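If you want the building blocks of each chain, they are given just below.
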Amino acid sequence: MDLNSTNEYLRLVFEIRDTYNVTNNITGALLGYRKFIYRSELQNHFSAPMFWIGMYIALASLLPVDLTGSMMGGVDKAAKLGSMAFMCTMMANLLPCLATMDNNDLLSNIIALCVLVITLVVNVCIQIRTGVLSTYVGHGGGIYKAVAIDISASIYVTFLVVLLIVHVCSSVAILKSKKIIESKYQQGHARALKDIQPSPGELLTPDKLQKHVSNHWIMAGSGSPQFITACFHTTSATGVICLLVTILYSLTTVSFLIESIQHKYYDYDSDYGWSMIVIVIVQYIGLVIGTIAPLSRCFATLSFKVSSTIIRNHFNVFKVERRWTQKLYDWKHTSIRLPFRSRNLEVVIETLKRLFFSICIGLQKGVVVVCKVIALIPFLFMICFLYSFRCKKMEGNNDLRPYVLQLEDEIELGERTLKGLSKTVNRLIQKGAKSQPNNLMKLILGKSTSSFEGVKKFDHIDDHDVPCVDCWRLPVVTLTTIAVSLPKIQTEEVDSLLESVREGLEYVKVVEKSLNAKNDHASFQKAAETLWQEIIFDKKWLGNELQDPSFRVNTAEQIVEWFRDKAKNIVCSEDRNKDDTGGRNDDLIRKTISANSMYRITKTIMLDCHTNIDTTVGQKELFDTLSSIIADLIAACLTNLPQAITMKCHTSVIEEREDNVKDAAQLLGETTEIIKTLQERDIPEMNPSDLPFIEKWRAYLGNP
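Residues numbered from 1 in each chain as written. Predicted model: local features only at pLDDT ≥ 70, side-chain atom pairs only at ≥ 80, totals over all residues. Heavy atoms only, no water.

Here's the deal with the packing of helix 16 (residues 438-447) against helix 25 (residues 657-679)
Helix 25 packs onto helix 16 with a crossing angle of 5 degrees between their chain directions and a minimal axis gap of 10 Å. When the axis of helix 16 is compared with that of helix 25, the two are roughly parallel. Taken together, the residues of helix 25 that come into contact with helix 16 (itself represented by L440, M441, I444 and L445) are E673, I674 and T677. Of the residues belonging to the contact of helix 16 with helix 25, the class tally is 5 nonpolar, 1 polar and 1 charged. (Axes fitted to C-alpha atoms, helices over the stretch in contact; angles between N-to-C directions. Helix = DSSP H or I, 4+ residues; strand = E, 2+ residues; numbered from the N terminus. Parallel < 35°, antiparallel > 145°, perpendicular 65-115°, else oblique. Contact = heavy atoms within 4.5 Å. Nonpolar A, V, L, I, M, F, W, Y, C, P; charged D, E, K, R; others polar.)

Here is the structure:
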């Protein structure tokens, strides 16, 4: 009989009463125990093994803060200790990530980490003090004995506190290191710009662009906050601690396996049941894998030339560089503005502040010295390895070395590291070269004119009531709309044009975002983006079908007139709505901008091509004319690609530099052939700062 089953107990009581004629008093007394059995049944039900909850708690490292759960088995103890070890490993992996955060994110994350670790440490200390952690129900001795468990837990707690202090101290150094690197980056950027100053009527060559991208990649890679942090002595110390944690937990796991094999018994006594075995295995795998990265960072010195200077600096453990304490000194001497005026109180607060930061500076120096001592362990191994396997000296690259950013000028980046950075950017450019826009190249080579005549031809009406469109994408999309609506053009030609325009608009968008992102142009660019999406996906222009059935019997002139009249009606309608409502929303503004563009372009077409668009041949001729104008517009805009690439290489946000240079290298690889092709054209001798603006082009071509 299941004594915890309420129903079974009630059935048995009633059976005894009916069989043996038990009195009502005895029956009532027996029934009074049913509530205790019911409570026991509920407790067993809600304490059943919870596999997924157990896995979640383990991965979240919350087992050590479980003060109420009964964890008296050996497996339970191993899982709880493993959670603390797992937390140590996570913190060791977290340290370089702190460098990728801005000041506000760094502060908030450090505070959150302090709260988490302190909570964890306090809970474990409570369990050690009360004996909850060391209470063990198992077989024999081994590491699960009470003293061994308490010692292991104390070691993990010590490591957690040390890692937390190391993270806080490293964060202070990261703030100053970023300023040092930023200052050197600005000098390198100014040096790189001297070699790529464009001249009117000329485009930068792909070779010069590649050199410029390579220079900025060296600066971004060597000055990467993560790379700089990985070279900290504190980072090496965390790697050593992480290795010690893994070794200690390995001993714990091995001891557990030996004891389990000897006694053929897996002792797990917590509410998480057999899932604790899976948790222990997952934790161990995570620890081993998580140790690889922190341990490899211990040998970050290999990225530099191993010379007598770097060896002397490593052994001079009592020398604390200014970057470790400079920020604390700045805070110490910064005045605090108080909301009240009291001379005596100001003196007291200032004295306490200076005393506090003096203590912090002393603690910071002590932590750095201890970390330097710990970092000597992997450094000595590295020195022995280098002398045992002397590497072949590599040929230096003196062209790139001036762009290497380092915290300490006397320590040079290794040739192998420098060559690796150079190979990386070359691979990125080659990768981009494999994704060249072939359809766009075909359009430019086949349709574009040498002097970009289409920029002048697409819109030259004198109508001040309808504003001009100062945007590259919108006229391209508008002209494409008219071209693809012509019913007597072969489908293959239309599809080819659409694909070419799609590829071209991607690069036009890059140019506009990099060089023409002013607020007064943003509305035109948004209108072009919305209109293009409608054309591609809905086959419509402002809600009107592009393949209107009436177009099949209309001439090219009638189709152009249809677009002109529709655009004029939309503009007039929106103007009336503006007068009635007192304003327009963003959607109506974009619609009006698109209609204005269509009206001006169709009116220009009617003026230029009126005598040639009333026959079937006229439709083909119109399609070719529109394709040529589209090609000229895209080609003219893409003369700004060299400027866009150089702009992409540079950013004031240090955390984004690597990604930006990667994008620039990819863009250079994709557009190298386009740039070479455009170099053969007659580039207007305009000021390079005017090239990104279509109105400047029209003004120059109209009055060269």
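And the narrative resumes.
Things to note about a nonpolar patch on the surface
A contiguous nonpolar patch, built from L345, V348, L352, L355 and I359 and spanning about 460 Å² of accessible area, is present on the exposed surface. Locating L352 in the fold gives a position in helix 14 (residues 343-388). The class for L352 is exposed, based on a relative accessible area of 52%. (Patch = residues over 30% accessible without salt bridge, like charges linked within 9 Å, V, L, I, M, F, W, Y side chains within 5 Å. Areas by Shrake-Rupley, 256 points an atom, 1.4 Å probe, with all protein chains shown as cover. Salt bridge = Lys/Arg side-chain N within 4 Å of Asp/Glu carboxyl O. Buried < 20%, exposed > 50% of the residue type's maximum accessible area, 1.4 Å probe, protein only.)

Notes on the layout of surface pockets
One water molecule sets the probe size; rolling that probe over the atoms shows where empty space is left. Considering only enclosed or pocket space, the second largest pocket measures out at about 540 Å³ in volume. Every residue lining the second largest pocket is counted, 22 residues in all, and those nearest its centre are I110, V168, S171, V172 and W331. Partitioned by chemical class, the residues of the lining of the second largest pocket number 17 nonpolar, 4 polar and 1 charged. (1 Å grid on protein atoms, 1.4 Å probe; cavity = no way out; pocket = protein on both sides within 12 Å on 5 of 7 lines; lining within 4 Å. Points joined across faces, edges and corners; volume = space filled by probe spheres on them.)

Concerning empty space enclosed by the protein
Applying the stated criterion to the full structure yields 4 cavities of 30 Å³ or more. Taken as a whole, the largest cavity spans an internal volume of roughly 340 Å³. Taken together, 22 residues form the lining of the largest cavity, with C231, F304, R323, E408 and I411 sitting closest to its centre. Listing elements by their share of the lining of the largest cavity, those giving two or more residues are helix 9 (225-230), helix 10 (233-263) and helix 12 (308-315).

So, helix 24 (residues 641-649)
Burial within helix 24 is extensive, with 7 of its 9 residues counted as buried. Within the span of helix 24, buried status applies to L641, P642, Q643, A644, I645, T646 and C649.

Notes on the confidence of the model for the chain
Averaged over the chain, the pLDDT score is 80; the fraction of residues at 70 or greater is 79%. Overall, residues 45-60 carries pLDDT values under 50, and its contacts beyond four positions in sequence, including any with other chains, amount to 28 contacts. Below a pLDDT of 50 lies the segment residues 139-144, which in the model reaches 21 contacts outside its immediate sequence neighbourhood of four places, other chains included. (pLDDT = per-residue confidence, 0-100.)

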